[in-house]
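Chain and residue survey
Listed below are the residues making up each chain.
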Amino acid sequence: MPGFPSPFGSDDSGLFDSYDEFVPEDVPTPGRFLTGHDVLTGRDHVAFHRLTRELFEERKVYDMTFNYNLARLNLDTRHTNAGYRYAEERPDADDAVGDDGADRVLRAAFTPTTPFCPQTHTLTFGSFRAWNGLSERHEYDLVRVRAAPMHHQSEAINDQLAELETTYLETGDLTAGPEASAGVGSTPMERTGEREEPSRGSPDAPF
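Overview of the structure. (Residues numbered from 1 in each chain as written. Predicted model: local features only at pLDDT ≥ 70, side-chain atom pairs only at ≥ 80, totals over all residues. Heavy atoms only, no water.)

1. Remarks on the overall build of the chain
A tally of regular secondary structure across the chain gives 4 helices and 6 strands. Mapped from its N terminus to its C terminus, the chain presents α and β elements in the order β-α-β-β-β-β-α-β-α-α. A burial count over the chain gives 44% of its 207 residues as buried. Considering only contacts within the chain whose residues lie at least 6 apart along the sequence, 71% involve residues at least 24 apart. When the accessible surface of the chain is totalled, it reaches about 11400 Å², and 51% of it is carbon and sulfur. (Helix = DSSP H or I, 4+ residues; strand = E, 2+ residues; numbered from the N terminus. Buried < 20%, exposed > 50% of the residue type's maximum accessible area, 1.4 Å probe, protein only. Contact = heavy atoms within 4.5 Å. Areas by Shrake-Rupley, 256 points an atom, 1.4 Å probe, with all protein chains shown as cover.)

This is how it looks when you write it as structure tokens:
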């Protein structure tokens, strides 16, 4: 009799790495958001990513395309440069934010599977709220989240993430951040459709 699928998925299919191993070639290359900071590798990456799986499960941060916990994307060998990479923020780095009241900060950079992934806004916001809403489960005062620049809307999404971050640090409210503005999260084809005006022709026209 077939069993019920695990919410974390089964890693015995050969398509997924284990949560207990760090496979550099199957995770995203750290990008500019992590440059100059202490990138987590090996057991440090594994430990935080295993915790991430638990927090994402609790807060239901799921990739709806693949129907699994977003943390599992890092392990999916079909998408070897997608998922999260982490770095502990160095206060002496050129882009460090030193006056926001957060002493111990982790940076998390999300790389989607495609440059036009319509879930990137939702997934990064959900990740931010999971990590910071359950901050008693880890050692960081703040987890900063940004989308990788390969995404076509990364600048707009990251501006909104920075705004959410500021609001959270000032008020402790994770729900008061900006919602997606028009077009953010949609694909170019969808935005083209949104801009199209109704046809002025007769409804009885043959074309």
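Continuing now.
2. Brief notes about the packing of aromatic side chains
Pairs of aromatic rings are described using the distance from one ring centre to the other and the angle between the two planes. Tallied over the entire structure, the rule returns 12 aromatic pairs. Ring geometry for Phe 48 and Trp 131: centres 6.0 Å apart, planes at 35 degrees, overall tilted. Here Phe 48, found in helix H1 (residues 42–59), pairs with Trp 131, found in helix H2 (residues 120–133); they are 83 residues apart in sequence, far enough to count as distant. For Phe 48, a relative accessible area of 6% corresponds to the buried category. Given a relative accessible area of 0%, Trp 131 falls into the buried group. Both rings, one in Tyr 86 and one in Trp 131, keep their centres 5.9 Å apart while their planes meet at 85 degrees; by these two values the pair is edge-to-face. (Phe/Tyr/Trp six-rings, centres within 6.5 Å; stacked < 30°, edge-to-face > 60°.)

In short, geometric facts, not functional conclusions.
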